[in-house]
Amino acid sequence: MGKGFVVKRIVLCLLTGMMGCAQGVCAAELSAQIANAASVAQRPLDQPQPPSGPGPSAETVKTWQDRKFGMFIHFGLYSLAGGMWNGQRVNNGYSEQILANAPVPPHEYEALATRFDPVNFDADAMVALAKAAGMKFIVITAKHHDGFNLFQTAQTPYNAVDGTPYHKDIVKELAEACARGGLKFGVYYSTIDWHHPGGNTYIEGNSNPITPAQEAFNVAQLKELTSHYGPIAEIWFDMGKPTPAQSAHFAQTVHALQPQTMISGRVWNYRGDFAVMGDNGEPDVSVELPWQAPASMFPETWGYRSWQARTDVAGKIRENITRLVRVVSQGGNYILNIGPEGDGSVVPYEAQVLHGIGMWLRLNGEAIYGTRKQPFAALDFGYATVGSHAIYVFVAKLPPDHQLHLPGLTDTALGRPYRLGSPDVTVVVQHDADGVRIPLDHLLHAPAMDSGSADVAAFMPVIVLPFKGPLHVRPRTIAAAPDGNFHLQPAQAEHYLNYNGEGYEDPATLYKLAWQIDAKANDYTITVNYEPSPHSAQMDLWVDGQRYRLNLAHTAADERRTASLTIQVHRNRAAHPYAMQLELTPPSPFIQGSPLPVTVRSVDLSSTR
C-alpha cells in the first residue's frame, strides 16, 4: 500500500457546446449528450460523469456496492522477510516496502525468490476464512512495488511460477478457489515496479513517473490478468504518478477485455470506477460516487510483520465491526487486509479477528449487505443503513434517556421496531415534532448491550424499523435571517470532493456545494458572490433539481475582487417538499475531476413577492 492521499486540482476542458446561458433548462434535456454507451452506468447530471468508453453497467455498480465487505491479501517476497533484515527490525514504513525502507540491496532482496515456497498457502482455506468472516470478495497483490509477481507472466521470470521453488500460480489458485466458493475475485496491481529495468526507484510518497517502457510492460501484464484468470471483479491499482494519458491507457486496457471490471481510483487522473480513500482512511464529507475504504489490521503495516504486537482480539473485533458499520452507513465498501506469513499460513490472530467479525455478521448481516447510506446527517448514538423495507439502526452507545432519536423521519408508514434476530419482541414507535423515537429498554433487555464484552452477540445491537412505501426524511435546514432572507456561507454547505487525481500528494478538490434551506416562498432572487478567475467560466446553479446556467465574470490575473451574479428562480416543491435544495456545480454534464470553476464567497436569497 501507499501513504494516505489527497487529490490535486486540475482544470479539465469541459464540453463547449453547452456554453450558452439557459435559465431553467431541465437536466433531462442533456441526458442524451453524455451517454458513453448503452451499457455504461449513468449518473444524475449534478454529479460527475464516468469516463468515456466501455465501462461497468449500472447493475455491475449496484452489485459491487451491495457486497460491502471484502478481504485484502498482501502477500509476496516481503512476507518471508516479515519486517526483519539481517536480524534487525525494520520499523520505518510498511513491511511490504522493506526493499526500500530497510534499505535492502536489490540483489539480496531478489534472492528471497529462491526461498519462496509457501507450502501452507491454501487458497480454498483462504476462501473459507473470508466466507466465515462474512466477506463477499477477495483482492490479492498480484504485483506489489517490489516487482515480484504472484502470477505467471511472460513479461519477466521474476514470478512465483518461473522464479521460485513453489512453481505455482498463486493468483490462479485463488481465482479458481473463489469461483468454487462463490466469492468475487480481484487483483491489486502496482503501476510502479522497483525491479523493472529502467523503471522506478523509491522516492518519498512513491509518486514515481511511469516510463514509456514500464507503461508498455504494465499494459502487457494487465492483458494477461484480464485474459487468463476468469472474471475480475475489481483491479486495485496503486502507486505511481502516471500521466492522464497513461491512466486512460491502463483503464481502457482493462475495460477493453473486461468492461465490467471495477477499476480503483488509484489508477489516478479520475479514471477509476470507484474512489479509494487513503490507507485506513474514511471520508469526512459526503461522497456520491461508489467508494471503498481500505483498512489494515494494524496501521503500521499491510504485509506480514513477525514482531507486530498482537493483543486484545476482542477489542480488534469490535474496532473492525465499528469501522465496517461506519463505512457502510456512509455508503462505502470496506476491504480489510490480512498479511499471511512467508510460508503462506494465515496469522492466527488475524483469523480470530475475522471469525469474530463473521459471528457478528451472521447475526446482523441483514443490516449491512445490499443497504444504502443513512439518510440522517448524524446520529448521537451510532449509525444507520437503509434497506428496501427497513431502516437499520446500530446502537454504538446507549442514549441517556434510553431512546433512539431519528431526526426528520416523517410522512412514512412505519411498522413496530424490533431487535434484529428477535422479531417477536416489538415496541411502539413514538412520534415527536422532530422525527421519531424508539424506546430501547424492552428491546435490549436480553442479551444486554455491552460495548466492552468479549461476547460478540452483545456488541452494537441493531434495531430494525420497518416501513412501507416511500421513505421520507426531512433534512436539517438553514433558517432565514431576521430580515427574512438567506445569507448562505460555504461553511454551511455540504461539500463534495474529487478524489484520486494525479497522485498521493494532490489535494482533494471541491466540485459541489449543497445547502438545504427552510424556504417558504415559491420564487426567489438569488445572488451568487464569488471570486472571479482569470478565464471565462460557467457554473450551474441547481434549485430543487432545476438547472440554471451561470455565465461568470472574469478578471485580470493580478486583480483580486468579488463579483456577483443575480438570477430569478422558481421552487419545485414536488421534487423537494421539505426544503429547498440549492447546489452549485461545474457546468453539466461534467466529468470526474472537474472542480468548481471559482471560489464561492456566499449566496444570498430573497423572496420575490
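Residues numbered from 1 in each chain as written. Predicted model: local features only at pLDDT ≥ 70, side-chain atom pairs only at ≥ 80, totals over all residues. Heavy atoms only, no water.

## A closer look at the overall build of the protein chain
Tallying secondary structure elements over the protein chain gives 10 helices and 30 strands in all. A globule of 609 residues ought to have a C-alpha radius of gyration of about 25 Å, and the protein chain, at 26 Å, matches this closely. By its C-alpha atoms, the protein chain is 80 × 65 × 45 Å across when sized along the principal axes. Of all 609 residues assigned to the protein chain, the portion counted as buried reaches 58%. Across the protein chain, contacts joining residues at least 24 apart in sequence account for 73% of those joining residues at least 6 apart. Surface exposure of the protein chain reaches about 23500 Å², of which carbon and sulfur atoms provide 54%. (Helix = DSSP H or I, 4+ residues; strand = E, 2+ residues; numbered from the N terminus. Rg over C-alpha atoms; globule rule 2.2 N^0.38 Å. Buried < 20%, exposed > 50% of the residue type's maximum accessible area, 1.4 Å probe, protein only. Contact = heavy atoms within 4.5 Å. Areas by Shrake-Rupley, 256 points an atom, 1.4 Å probe, with all protein chains shown as cover.)

## Some words on the packing of helix H7 (residues 212–228) against helix H8 (residues 244–257)
Running from amino to carboxyl end, H7 crosses H8 at an angle of 20°, the nearest separation of the two axes being 9 Å. With respect to H8, the element H7 is oriented roughly parallel. Regarding H7 and H8, the two cross each other, and that crossing is right-handed. Taken together, the residues of H8 that come into contact with H7 (itself represented by Glu-215, Asn-218, Val-219, Leu-222, Lys-223, Thr-226 and Ser-227) are Gln-246, His-249, Phe-250, Thr-253, Val-254 and Leu-257. (Axes fitted to C-alpha atoms, helices over the stretch in contact; angles between N-to-C directions. Parallel < 35°, antiparallel > 145°, perpendicular 65-115°, else oblique. Left-handed = near helix turned anticlockwise from the far one by under 90°.)

## Side note on the pattern of salt bridges
This model, assessed by the stated rule, comprises 18 salt bridges. One salt-bridge network, in which partners are shared between bridges, spans Asp-46, Glu-288, Lys-512 and Glu-583. (Salt bridge = Lys/Arg side-chain N within 4 Å of Asp/Glu carboxyl O.)

## Digging into the sheet that holds strand S28 (residues 563–570)
Adjacent strands of a sheet form backbone hydrogen bonds with each other and so pair up, either parallel or antiparallel. Pairing in this open sheet of 4 strands is antiparallel, and the strands run S22-S30-S25-S28 from one edge to the other. Of all the strands in the sheet, just strand S22 (486–488) and S28 have a single pairing partner and so form its edges. Strand-to-strand twist of the sheet, defined as the mean angle between neighbouring strand axes without regard to direction, takes the value 15°. (Pairing = 2+ DSSP bridges.)

## Re the nonpolar core
Among the nonpolar cores identified, the biggest contains 118 residues, and Met-71, Val-171, Leu-174, Leu-354, Trp-360 and Phe-394 are the most heavily contacted of them. Element by element, the count of residues in this core is highest for helix H10 (residues 348–364), at 7 residues. Beyond its immediate stretch of four places on either side in the chain, Trp-360 contacts Ile-321, Val-325, Ile-368, Phe-394, Val-456, Phe-459, Met-460 and Val-462. Listed in part, the 33 residues of the second largest apolar core include Ala-493, Leu-565, Ile-567 and Leu-582. (Core = buried A, V, L, I, M, F, W, Y, C linked by side-chain atoms within 4.5 Å.)

## Observations concerning the pairing of S28
Residues Ala-563, Leu-565, Ile-567 and Val-569 line the buried face of S28, whereas the alternating positions Ser-564, Thr-566, Gln-568 and His-570 sit on a face that is not buried. In this structure, strand S25 (residues 523–531) lies alongside S28, joined through 8 bridges in antiparallel fashion. Looking across to S28, one finds that Ile-526 is bridged to Ile-567.

## With respect to helix H6 (residues 170–181)
The terminal C-alpha atoms of H6 lie 16 Å apart, and with 12 residues this matches the ideal 16 Å at 1.5 Å per residue to within 8%. Listing the buried residues of H6 in full gives Ile-170, Val-171, Leu-174, Ala-175, Ala-177, Cys-178 and Gly-181. What you see down the axis of H6 is that its buried residues fit within an arc of 165°, all on one side. Among the exposed residues of H6, those pointing more than 90 degrees away from its buried face are Ala-179 and Arg-180. Packing partners of the buried residues in H6 comprise strand S2 (69–73), helix H5 (123–132), strand S5 (137–143), strand S6 (184–190) and H7. At the N-terminal boundary of H6, the capping side chain belongs to Asp-169, with an oxygen 3.2 Å from the backbone nitrogen of Val-171. Of the residues flanking the end of H6, it is Gly-182, one or two places downstream, whose phi is positive at about 80°. (Expected span 1.5 Å × (residues − 1). Arc of directions from axis to C-beta. Polar contact = N/O pair within 3.5 Å; in protein donor to acceptor, adjacent residues only side chain to side chain.)

## As for the packing of aromatic side chains
Within this structure, the stated rule accounts for 21 aromatic pairs. Pairing Tyr-189 with Phe-237 gives two aromatic rings, centres 6.4 Å apart and planes at 80°, and the pair type is edge-to-face. With Tyr-189 in strand S6 and Phe-237 in strand S7 (residues 234–238), this residue pair connects regions lying 48 residues apart in the sequence. The two residues Tyr-189 and Phe-237 agree in class, both being buried. Ring geometry for Phe-237 against Phe-250: centres 6.2 Å apart, planes inclined by 15°, an arrangement best described as stacked. Of this pair, Phe-237 sits in strand S7 while Phe-250 sits in helix H8, placing them 13 residues apart in sequence. Site record: aromatic cluster; members linked through ring pairs are Phe-72, Tyr-94, Tyr-188, Trp-236 and Trp-302. When the ring centre of Tyr-369 is taken as origin, the NZ or CZ atom of Lys-136, which lies over that ring, is 4.4 Å away. Against the face of Tyr-229 rests Lys-172, its NZ or CZ located 5.0 Å from the ring centre. (Phe/Tyr/Trp six-rings, centres within 6.5 Å; stacked < 30°, edge-to-face > 60°. Lys NZ or Arg CZ within 6 Å of the ring centre and 35° of its normal.)

## Considering unusual backbone geometry
Note the cis peptide between Ala-102 and Pro-103, where omega equals -15°. Residue placement: Pro-103 occurs in the loop between helix H3 (98–101) and helix H4 (106–110). Of the consecutive residues Ser-588 and Pro-589, the connecting peptide bond is found in the cis state with omega at -5°. The residue Pro-589 is located in the loop between strand S29 (580–585) and strand S30 (599–607) in this model. Residues other than glycine seldom take positive phi values, yet His-402 does so here, at roughly 60°. Phi angles above zero are rare outside glycine, and Asn-500 is one such case at about 65°. Residue placement: Asn-500 occurs in the loop between strand S23 (494–498) and strand S24 (509–517). Note on Asn-500: relative accessible area 2%, which makes it buried.

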